[in-house]
Amino acid sequence: MNRTIERQRYLIDFTIASLARRRGRNLGLFAVYTLLVFVLASASLLGYGLRKEARTVLAASPEILVQHLLAGRHDLIPESHLAALRDIRGIAAAEGRLWGYYYDAGMRANYTLMVPSDRTIEPGTAIIGSAIARLRNLGEGDAVHFLSPKAKMFRFGIAGTLPSESELVAADVVLVSEADFRAFFGFPAGMVTDIAVSVRNPKEVATVSAKISRLIVDARVVTRDDILRSYESLFDWRQGMITVLLAGAVLAFVILAWDKAAGLSAEERREIGILKAIGWETSDVIAVKFWEGGLVSLGAFLVAYTLAYLHVFHFGGALFAPALKGWATLYPDFRMVPEISGQQIATIFFLTVVPYTLATIVPVWRAAIIDPDTVMR
Amino acid sequence: MTGSPFLALQGIAKIYNEGRHNEVRALADIDLDLEAGKVTVLMGPSGSGKTTLLTLVGCLARPSAGRVTLEGRDISGMPERFLTAIRQRTFGFVFQRFNLIPGLTVADNVMLPAYPLGRPHPELKARCRELLEMLRIGDRADAPVQWLSGGEAQRAAIARALVNDPAVVIADEPTANLDTALTAEFIGVVEMLKAQGKTLILTSHDPRICDAAVVDRVVEMRDGRIVGGR
Ligand SMILES: Nc1ncnc2c1ncn2[C@@H]1O[C@H](COP(=O)(O)OP(=O)(O)OP(=O)(O)O)[C@@H](O)[C@H]1O
Ligand SMILES: [Mg+2]
């Protein structure tokens, strides 16, 4: 028993000495490996985190949204529907929402102007999302001028900024009063953008939305689950694109690994022959080479995953958040809640460490079964 | 054990690349008994099969035909793993080009054959020191082997062959790259090992070796056959 342990210790010592002897080659390999895993892990952590984030944000959004459709497009909906909706059994509350998009030509950015339902905003003032505050360098007490779609200049005093917890969704928001909103867009009185409905019993969402469809025949009824699904497919799609790009990188890496590993140098072959001739078993030789490849790939994997974690959760995925989130100017630089899943780690592990280790073992095995008498030549 | 053959070869043949167009009959009809504690030299022109015979004696390779018996046990048909185990305990090798592993120190090279046996480290280190002192290269223990002179490299290779305390030491052309003074020193080492009771099997076409007083037996080879001896 002691001998077995001692023997493994010797093999590990020898492995470490071997790594040190081929320092240049192993460091190069380590660097490429780290880069690859870093990119893969960042994409995976970011996608996962974003989805999680979206789900959190949506959890606070209405269970059912009622929109008006005109010629298949989203249209304004009359406030007069509210009373009828409130009469439907199972509906806890129904509220008209006022929101719209504004394109800031100077900054080439899109904002979402909204009238909040849970707070009142003084006319002439606005509360802005953190990204806008950053972009236009605004703070409380400043003023901002927006040119309305009707080519009229509006001045808003900044009454505050929104906290950045839910930045993914709230970063580009401008909260204004109802009067300002209607004046700015020329929004007709008695109309709202859509209606938010909450239900008494979450299990009744489907029944209630069916009732609403029957009551307002030209309405589109969207449930929170629908929105969640479309968010998810959006993120899946973007992540899919990145994955396709990464597949190329992985392929390049496999070729490199194969080349590095399969092309056992003449020197290494000779070394394997010597070890066998002086009494090492084939399994000892393979164990040493296995640990050599394993230590490089496992070490690189751990370093890269740690870097990716820092990148995504401390630096907001700065390197490729634009591609993943898709907002060119106004992308929020929020900090996601650190979130790792074991399945994610396992996937990346099996995409990188396992193929590399196999790629190294095959040629070593071929070299290790050669007859030991070859070193006599 | 003196008198009974320690190692016996009967009807040995070795054919490389058998059945292919580049087939080479390296050895044929070899019958040879080797006694324990003796120094035997295989002599003959280049290509006569000396190295090939050493690989069979040292369990580095298996014969194409015939029987190899070690201490009465037929080992010619044994699987690789058993041959490895026998090699670890019974044979030490000094290769023609020494075959030290560059980048490792002299001491690390010397200890390599002991790793698979899992001997306790302090004991192994002491054994290594002792051997290097005996071969008078104790001060080079921590030098990387690529710094060694030819004579020092050979001593390191000899130390490595001895680390597991084998009964038989096998050396292929041990003096091929050595001058007269170093050859004389090598013969001194052979005398010392013989005095310790080791069996030595060497190949050489160097008359300084074949005529040395320490040599008990010379086997002459030609074209893969034994043609004489004394
Ligand atoms: N692996 C091999 N494959 C094919 N032929 C081989 C192989 N090894 C040796 N031979 C051939 O076997 C013959 C005997 O070779 P061997 O090396 O045993 O001769 P040697 O007496 O040791 O010669 P030298 O004095 O030059 O070392 C030679 O003709 C050689 O070419
Ligand atoms: Mg030879």
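Calculation notes
Residues numbered from 1 in each chain as written. Chains lettered and ligands numbered in written order. Predicted model: local features only at pLDDT ≥ 70, side-chain atom pairs only at ≥ 80, totals over all residues. Heavy atoms only, no water. Buried < 20%, exposed > 50% of the residue type's maximum accessible area, 1.4 Å probe, protein only. Helix = DSSP H or I, 4+ residues; strand = E, 2+ residues; numbered from the N terminus. Pairing = 2+ DSSP bridges. Near = heavy atom within 4 Å. Polar contact = N/O pair within 3.5 Å; in protein donor to acceptor, adjacent residues only side chain to side chain. Areas by Shrake-Rupley, 256 points an atom, 1.4 Å probe, with all protein chains shown as cover. Nonpolar A, V, L, I, M, F, W, Y, C, P; charged D, E, K, R; others polar. Contact = heavy atoms within 4.5 Å. Buried area = accessible area lost by both parts, 1.4 Å probe. Salt bridge = Lys/Arg side-chain N within 4 Å of Asp/Glu carboxyl O. Axes fitted to C-alpha atoms, helices over the stretch in contact; angles between N-to-C directions. pLDDT = per-residue confidence, 0-100.

Draft legend 1. Here's a closer look at the pairing of strand E7 (residues 168–172) of chain B. Residue and element names in this part refer to chain B. Where burial is concerned, most of E7 is hidden: five out of the five residues are buried. Covered by surrounding structure in E7 are Val-168, Ile-170 and Asp-172 together with Val-169 and Ala-171, the residues of both alternating faces. One ladder, built from four bridges, connects strand E6 (residues 91–94) with E7; its direction is parallel. Counted as the bridge partner of Phe-91 is Val-168 from E7. Relative to strand E8 (residues 199–203), E7 runs parallel, the two being bridged by five bridges. Bridging across to E8, Val-168 finds its partner in Thr-199.

Draft legend 2. Highlighting the site of ligand 1. Taken together, 15 residues are adjacent to ligand 1, and A:Arg377, B:Ser46, B:Lys50, B:Thr51 and B:Thr52 come closest. A distance of 2.8 Å separates an oxygen atom of ligand 1 from a polar atom in the backbone of B:Gly47. For ligand 1, the protein covers 68% of the area, taking 630 Å² as the surface of the free molecule. Of all elements in the fold, only strand E2 (24–34) and helix H1 (50–57) of chain B reach the threshold of two or more residues within the shell around ligand 1. Tallying contributions element by element places H1(B) first for the shell around ligand 1, with three residues. Its residues placed into classes, the shell around ligand 1 shows four nonpolar, eight polar and three charged.

Draft legend 3. Looking closely at the interface of chain A and chain B. Facing 23 residues of chain A, the contacting portion of chain B comprises 32 residues. Of the roughly 2,800 Å² buried where chain A meets chain B, counting both sides, 60% is carbon and sulfur surface. Summed over the three residues of chain A that lose the most area to chain B, namely A:Tyr10, A:Ile278 and A:Met376, the buried surface amounts to 27% of that side. Taken together, the connections running from chain A to chain B amount to one salt bridge. A:Lys276 is the salt-bridge partner of B:Glu80, the closest N and O atoms lying 3.6 Å from each other. At the surface where chain A touches chain B, the tally comes to ten residue pairs in polar contact (both at pLDDT 80 or more). Going through the elements one at a time, helix H1 (2–21) and helix H9 (266–277) of chain A are the ones with two or more residues in the side of chain A that touches chain B. Counting residues per element, the side of chain A that touches chain B draws most heavily on H1(A), which supplies seven residues. Of the residues assigned to the side of chain A that touches chain B, the class counts are eleven nonpolar, one polar and eleven charged.

Draft legend 4. Spotlight on H1(B). All names here are of chain B. Burial analysis of H1 places eight of its eight residues in the buried class, which makes it a mostly covered element. Among the residues making up H1, those that are buried are Lys-50, Thr-51, Thr-52, Leu-53, Leu-54, Thr-55, Leu-56 and Val-57. Just beyond H1, the residue with positive phi is Cys-59, at close to 60°.

Draft legend 5. Quick look at the sheet that holds strand E5 (residues 73–74) of chain B. Residues and elements named next belong to chain B. What the four strands build is an open sheet, ordered E2-E1-E4-E5; its pairing is antiparallel. Strands at the two margins of the open sheet, each flanked by one partner only, are E2 and E5. The sheet contact formed by strand E4 (residues 65–70) and E5 spans two bridges and is antiparallel. Bridging across to E5, Leu-70 finds its partner in Arg-73. Together, strand E1 (7–16), E2 and E4 form the strand contacts of H1, whose direction differs from that of E1 by roughly 125°.

Draft legend 6. Region of interest: the pattern of salt bridges. Residue and element names in this part refer to chain A. Counting across every chain of the model gives 25 salt bridges over all chains. In this structure, Arg-7 and Asp-284 form a salt bridge, with 2.6 Å as the shortest nitrogen-oxygen distance. In this pair, Arg-7 sits in helix H1 while Asp-284 sits in helix H10 (residues 282–314), placing the two residues 277 residues apart along the sequence. Each of the two residues, Arg-7 as well as Asp-284, counts as buried. The network of salt bridges with common partners includes Arg-21, Arg-22, Glu-268, Glu-271, Lys-289 and Glu-292.

Draft legend 7. Quick peek at the confidence of the model for chain A. Taken over all residues, the pLDDT of chain A has a mean of 82, while the share at 70 or more is 85%. Taken as a whole, residues 326–334 of chain A scores under 50 in pLDDT and shows 31 contacts with residues more than four places along the chain or in a different chain.

Draft legend 8. Quick look at the pairing of strand E6 (residues 125–128) of chain A. All names here are of chain A. The two faces of E6 match: Thr-125 and Ile-127 on one face and Ala-126 and Ile-128 on the other face are all buried. Sheet topology note: the E6/strand E8 (residues 153–161) ladder contains four bridges and is parallel. Each bridged residue has a counterpart across the sheet, and for Ile-127 the counterpart in E8 is Gly-160. Bridging between E6 and strand E9 (residues 173–175) involves two bridges; their strand directions are antiparallel. Paired with Ile-128 across the two strands is Val-174, which belongs to E9.

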